[in-house]
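# A closer look at the structure
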Amino acid sequence: MSVSVFAAATVANVACGFDALGFAIHEPGDEVIVRKSAQSGLRIVAITGDEGRLPLSVTKNTAGVSAQALLDETGYTGGIEMEIHKKMPLGSGLGSSSASSVAAVVAVNELIGSPFTRAELLRFATEGERAACGVPHADNVGPSLLGGFVLIRSYNPLEVVQLPVPDELWCSVIHPHVEILTEDARNVLRRRIRLEDAVVQWSNLGGLIAGLYQGDYQLIGRSLSDIIFEPTRSLLIPGFDMMKQAAMQAGALGCSISGSGPSVFALCRGEEIARAAADAMQHALTKAGLGSETYVSAI
Ligand code: HSE
């Protein structure tokens, strides 16, 4: 018997919700296949789509770390073989490590008889994030596991809240062909924040969540602003200002960095505007001489 699970890419932070908010998009994503084997313990037997860059060692691979954390808690010692099929770029800001971790824990859980609920799997998947960037942030794994918009209400204890998504909310994502490691993008963050800036940021986060509950697209748009982290991190993303301006001119509600970048997302009302925003962002980047791909998805 084998179990195959696909887990979706995610947009973390969503401008004003650093480490606290994220949402899932329908593609791209990663696939993990697991099966029982005669040799005891968990083994990663194949990884594709990573150009040979990811480790096969369970203790070094984010999907392996997450799955092993789950197995350790159950005491399961039987043999499991895992294949990881990467279908999204590494270091893209789209939650690549999270998608593998989530697919791994969902697949292994099902293979051994589903001892955990889907929500309970979250804490194992966050262990993969700790391995990937040193911090067990849950704003990618939460939405990848649960779908839609997810708020990390608390890290200690871990508590997540699934938020409503207005029917016409679409997302355009552009992935410029540069790579930024989350660990590096976290190292450039300022550690001290002015009280006035904090007030603006948490007011926007409240406004964004109120906008989701009320289906108020204009409120969502006004709240999609990151005055604390975007000014620093955007310097690492070639063409960021041009992409943002292009998305807003195409009618996007708001635009910011996806996770730790370099991907950039725009929230839009309806598919038509989302496609126009994606085209406009890609056009702006092409003019700057950079390759990219775009993804347009309902949320
Ligand atoms: N919240 C994390 C960060 C997301 O911004 O570092 C990384 O994808």
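Residues numbered from 1 in each chain as written. Predicted model: local features only at pLDDT ≥ 70, side-chain atom pairs only at ≥ 80, totals over all residues.

When helices and strands are tallied, the chain shows ten helices and ten strands. Scaling as 2.2 N^0.38, a compact globule of 299 residues should have a C-alpha radius of gyration of about 19 Å, and the chain matches this with 19 Å. With respect to the principal axes defined by its C-alpha atoms, the chain has extents near 60 × 40 × 40 Å. Long-range pairs, those at least 24 residues apart, make up 72% of the contacts in the chain between residues at least 6 apart in sequence. (Helix = DSSP H or I, 4+ residues; strand = E, 2+ residues; numbered from the N terminus. Rg over C-alpha atoms; globule rule 2.2 N^0.38 Å. Contact = placed C-beta atoms within 7 Å.)

Let us now look at helix α3 (residues 122-133). Over its twelve residues, α3 runs 17 Å from end to end, which matches the ideal 16 Å to within 8%, given 1.5 Å per residue. Burial runs high along α3: nine of the twelve residues are buried. Three or more residues of α3 are buried, namely Leu 122, Phe 124, Ala 125, Thr 126, Glu 127, Gly 128, Glu 129, Ala 131 and Ala 132. Buried residues along α3 sit against α1 (62-74), α2 (96-111), α4 (141-146), β6 (158-163) and α5 (182-187). Following α3 by one or two positions, Gly 134 has its phi on the positive side, about 90 degrees. (Expected span 1.5 Å × (residues − 1). Buried ≥ 20, exposed ≤ 12 C-beta atoms within 10 Å, placed from the backbone.)

The biggest cluster of nonpolar side chains holds 91 residues, and the ones touching the most others in it are Met 82, Val 105, Val 108, Ala 247, Ala 252, Ala 277 and Met 281. In contact with Ala 277, other than residues within four places in its own chain, are Ser 172, Ala 247, Ala 250, Gly 251, Ala 252, Ala 266 and Cys 268. (Core = buried A, V, L, I, M, F, W, Y, C linked by C-beta atoms within 7 Å.)

Another point: the packing of α1 against α3. Here α1 crosses α3 at 140 degrees, and the two axes come no closer than 7 Å. Overall, the two elements α1 and α3 adopt an arrangement that is oblique. As for how α1 packs across α3, the hand of that crossing is right-handed. From α1, Thr 62, Ala 63, Val 65, Ser 66, Ala 69 and Leu 70 reach across to α3, where they touch Phe 124, Ala 125, Glu 127, Gly 128, Ala 131 and Ala 132. (Axes fitted to C-alpha atoms, helices over the stretch in contact; angles between N-to-C directions. Parallel < 35°, antiparallel > 145°, perpendicular 65-115°, else oblique. Left-handed = near helix turned anticlockwise from the far one by under 90°.)

In this model, the chain carries a mean pLDDT of 95, and residues with pLDDT of at least 70 account for 100%. Interface confidence in the predicted complex, given as ipTM, is 0.98; pTM for the same model is 0.95. (pLDDT = per-residue confidence, 0-100.)

We now examine the packing of helix α9 (residues 240-249) against helix α10 (residues 271-287). It is at 8 Å that the axes of α9 and α10 come closest, and there the two elements cross at 150 degrees. Our classification of the angle between α9 and α10 gives roughly antiparallel. Helix-helix and strand crossings are classified by hand; for α9 and α10 the assignment is right-handed. In this structure, α9 contributes Met 242, Met 243, Ala 246, Ala 247 and Gln 249 to the contact, and α10 contributes Ala 277, Ala 280, Met 281, His 283, Ala 284 and Leu 285.

We now examine the sheet that holds strand β7 (residues 169-176). To summarise the sheet geometry, strands pair through backbone hydrogen bonds and adopt either a parallel or an antiparallel arrangement. Taking strand neighbours across the sheet as the criterion, the four strands line up as β8-β9-β7-β10 in an open arrangement whose pairing is antiparallel. Only two strands of the sheet have a single neighbouring strand rather than two, namely β8 (254-257) and β10 (292-298). When strand polarity is set aside, the average angle formed by the axes of neighbouring strands in this sheet is 20 degrees. Taken together, the seven bridges between β7 and β10 define a ladder with antiparallel strand orientation. Paired with Val 173 across the strands is Tyr 295, a residue of β10. (Pairing = 2+ DSSP bridges.)

The subject of this paragraph is the UniProt feature "binding site: ATP" (unreviewed entry) in the chain. In the UniProt entry, the feature "binding site: ATP" (unreviewed entry) is given for Pro 89, Leu 90, Gly 91, Ser 92, Gly 93, Leu 94, Gly 95, Ser 96, Ser 97, Ser 98 and Ala 99. Residue Gly 91 is classed as buried on the basis of its C-beta count, with 20 C-beta atoms lying within 10 Å. In this structure, Gly 91 is in contact with Glu 179, Ile 180 and Leu 181, ignoring residues within four places of it in sequence. The residue Ser 96 is located in helix α2 in this model. Ser 96 has contacts with Met 88, Pro 89 and Leu 90, leaving out every residue within four places of it along the chain. (UniProt positions renumbered as here; feature names shortened; annotations may be inferred.)

As a matter of local geometry, the ligand sits amid 14 residues, with Ala 12, Asp 19, Thr 182, Gly 259 and Ser 260 nearest to it. For the shell around the ligand, the leading source of residues is α5, giving three residues. Broken down by class, the residue content of the shell around the ligand amounts to three nonpolar, eight polar and three charged. (Near = placed C-beta within 6 Å. Nonpolar A, V, L, I, M, F, W, Y, C, P; charged D, E, K, R; others polar.)

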